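# Structural characterization, general
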Amino acid sequence: MRKNVYESNRCSRFELGHRQGRGADGLHCPGPQALKQKTSGKVVVMGRATLESLPGGNPLPNRTNIVLTSQKNFTKEGCLIARNLDELAGICADYAPEDVMIIGGEQVYMQLIRQCDRLFITKIFESFDADKHLMNVDKMRSFELVWTGDVQEENGIQYQFLEYRKKEKDLSNGKSQE
């Protein structure tokens, strides 16, 4: 990871894969193969609760798993642990920026979404009671929709994959279009 992300600056790019409205009990989010395909062989960054929500609470196979947690004594075999954003930047500096993908949860997204260059979103066309929500990317002026997949259906739930990219800096004033 190179310059531009944190004030201490060692990261330049994160990618995001997420599903809006996480945290609904018993909800099986559609399209898990897409997440697997997108992240296989990559570095995935997640919070502790997201790790614990994975099958068996185990890290994802065939990926470098980094867990961002403030719990001082937390350890998990097969995971690298970052206690804060500076530690995360230091760990991620060892990997190509395009290989680092943020996969959740809510707090991790909120801390890092504005530092992402690309967002891979699964839009679910259904309402669920959920205790975790993300900001509406369509309303973020710093991102633009660049790709829309076909609407698909799994277990009676319609969904669609979307890709957003951060808009180029305004060359006339050097500021990002936020």
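Residues numbered from 1 in each chain as written. Predicted model: local features only at pLDDT ≥ 70, side-chain atom pairs only at ≥ 80, totals over all residues. Heavy atoms only, no water.

### Considerations on the side chain of Glu163
Among the secondary structure elements, Glu163 is positioned in strand S9 (residues 157–166). Polar contacts involving the side chain of Glu163 include one to the side chain of Arg165, which spans 3.0 Å. Among residues more than four places away in sequence, those in contact with Glu163 are Arg118, Leu119, Phe120, Glu144, Leu145, Val146 and Trp147. (Helix = DSSP H or I, 4+ residues; strand = E, 2+ residues; numbered from the N terminus. Polar contact = N/O pair within 3.5 Å; in protein donor to acceptor, adjacent residues only side chain to side chain. Contact = heavy atoms within 4.5 Å.)

### What about the pairing of strand S5 (residues 100–104)?
Taken across its five residues, S5 has five buried, putting it largely inside the fold. Of the pairings in the sheet, the one linking strand S2 (residues 43–47) to S5 comprises four bridges and is parallel in character. Its bridge partner being in S5, Val44 is matched across the sheet by Met101. (Buried < 20%, exposed > 50% of the residue type's maximum accessible area, 1.4 Å probe, protein only. Pairing = 2+ DSSP bridges.)

### Considering the pattern of salt bridges
Scanning the entire structure with this criterion turns up five salt bridges. A salt bridge links Asp99 to Lys42; the shortest N-O distance between them is 3.2 Å. In this pair, Asp99 sits in the loop between helix H3 (85–92) and S5 while Lys42 sits in the loop between helix H1 (32–39) and S2, placing the two residues 57 residues apart along the sequence. Between Arg118 and Glu163 there is a salt bridge, with the nearest N and O atoms lying 3.8 Å from each other. Remark: Glu163 occurs in strand S9 and Arg118 occurs in strand S6 (residues 118–124); sequence separation between them is 45 residues. (Salt bridge = Lys/Arg side-chain N within 4 Å of Asp/Glu carboxyl O.)

### Some remarks on the nonpolar core
Judged by nonpolar contacts, the single largest core of 14 residues is most densely connected at Val45, Ile66, Ala82, Leu88, Cys92, Ile102 and Val108. Elements represented by at least two residues in this core include exactly S2, strand S3 (64–68), H3, S5 and helix H4 (106–112). Excluding its chain neighbours within four sequence positions, the residues that come into contact with Val45 are Ile66, Leu88, Cys92, Val100, Met101, Ile102, Ile103, Gly104 and Val108. Within the second largest apolar cluster, 10 residues are counted, among which are Leu51, Leu60, Val67 and Ile81. (Core = buried A, V, L, I, M, F, W, Y, C linked by side-chain atoms within 4.5 Å.)

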